[in-house]
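One letter stands for each residue in the lines below.
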Amino acid sequence: YSLMTVPNLTAPKGHGAIPISITRAAAHGSPVEQSHSLYVMGRMIHREFGDNCFEELSYEGGQDVFCANDLFRGWCSLPRPPIYKLPNKIDAYTVVGGTIYVSSTTPGIGTYAFDTEIWKWRPAGNWCLPFSGKAEYVPELKLWIGLSATCPFHLCASDLSAVDFERPPTVHQTWVDFDMPKSWSLFQKDLINLGSGRFCVVKMFRSTMTPQGMGFSDDEDSDNDETLDFCDMIRWDFAVLTGIELVVASPGKLRMLKHMSKYHTFEDYAIRWVL
């Protein structure tokens, strides 16, 4: 293994920037079998982006990074998503073949598609992708998997292989990966693809309750060493990580296997990025 630095972006993309990686067959006559591109776009428009709100970094696979000076071709600015024309943000995105799809839930915006071969945007439909955030294609299942946009961010599957301009994609199945208490407020989520139908669902919550609800007491007569002399509400942030696996149960039917959930409380720090 070896490491090398990646060139800096031409311009920052702001909090929640969207990274997308695409691998494709190399051009005829190329010494390598595959070429790779990393795309980064801002989730919403910012003044400091200028014309650099959407960029591509191309690099060749299979080369010796210690002798290939042109491994990275540098960042190239691409046409900005049409969604940026209005004050809204990208709410869902995915890749179908060599095409990037982005959706906004703002009424009247819909979904746009970017052809990475000809660098051109086109309207994909007046509907929205059925996901919240990114959706990942699982070749073993021939379906796209993501967090649902309508069922409190549960896991869902959809077939995007034949996207129709007139009809929105249908949800194949939905699963409850984690049933959260009503006192928990979800403020960040992500789906990490582990390969072969396995995922880690990352959900970060904010919860508020009284000290008594956390096991403390404000009773002055109590001799408990953990007695606290206050009655204010306590708010804290924490994460729940759930490992799941999707398998074929019968023709046209999937089953979710839930492996384990881990709970982690943040103290003086918080997770800002999940890679």
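Let me begin by describing the structure that accompanies this report. (Residues numbered from 1 in each chain as written. Predicted model: local features only at pLDDT ≥ 70, side-chain atom pairs only at ≥ 80, totals over all residues. Heavy atoms only, no water.)

With respect to the overall build of the protein
Okay, step 1: Tallying secondary structure elements over the protein gives 0 helices and 16 strands in all.
Okay, step 2: A burial count over the protein gives 40% of its 275 residues as buried.
Okay, step 3: Of the contacts formed within the protein by residues at least 6 apart in sequence, a portion of 49% connects residues at least 24 apart.
Okay, step 4: Approximately 16,300 Å² of the protein is accessible, and the part contributed by carbon and sulfur atoms is 53%. (Helix = DSSP H or I, 4+ residues; strand = E, 2+ residues; numbered from the N terminus. Buried < 20%, exposed > 50% of the residue type's maximum accessible area, 1.4 Å probe, protein only. Contact = heavy atoms within 4.5 Å. Areas by Shrake-Rupley, 256 points an atom, 1.4 Å probe, with all protein chains shown as cover.)

What about the environment of Phe205?
Okay, step 1: As for its position among the elements, Phe205 is in strand β14 (residues 198–209).
Okay, step 2: Given a relative accessible area of 0%, Phe205 falls into the buried group.
Okay, step 3: Note: C-alpha distance between Phe205 and Phe238 (33 residues apart in sequence) is 5.5 Å.
Okay, step 4: Once residues within four sequence positions are removed from consideration, Phe205 is found in contact with Phe178, Met180, Trp184, Ser185, Leu186, Phe187, Trp236, Asp237, Phe238 and Val240.

Observations regarding the pattern of salt bridges
A pair can form between side chains of opposite charge whenever their charged atoms are brought close.
Okay, step 1: Summed over the entire model, instances satisfying the criterion amount to 8 salt bridges.
Okay, step 2: The salt bridge involving Lys203 is made with Asp177; its shortest N-O contact spans 3.1 Å. Here the residue Lys203 occupies a position in strand β14, and Asp177 occupies one in the loop between β12 (171–175) and β13 (184–195), the gap between them amounting to 26 residues. By the burial criterion, Lys203 is buried, and Asp177 matches it.
Okay, step 3: For Glu245, the salt bridge is made with Arg198, and the minimal N-O distance between the two is 3.7 Å. Placement of Glu245 in strand β15 (residues 234–250) and of Arg198 in strand β14 is noted, with a sequence separation of 47 residues between them.
Okay, step 4: Beyond isolated ion pairs, a larger network of salt bridges with shared partners links Lys134, Glu136 and Asp190. (Salt bridge = Lys/Arg side-chain N within 4 Å of Asp/Glu carboxyl O.)

Interpretation note: all reported values are geometric properties and have no functional meaning in isolation.
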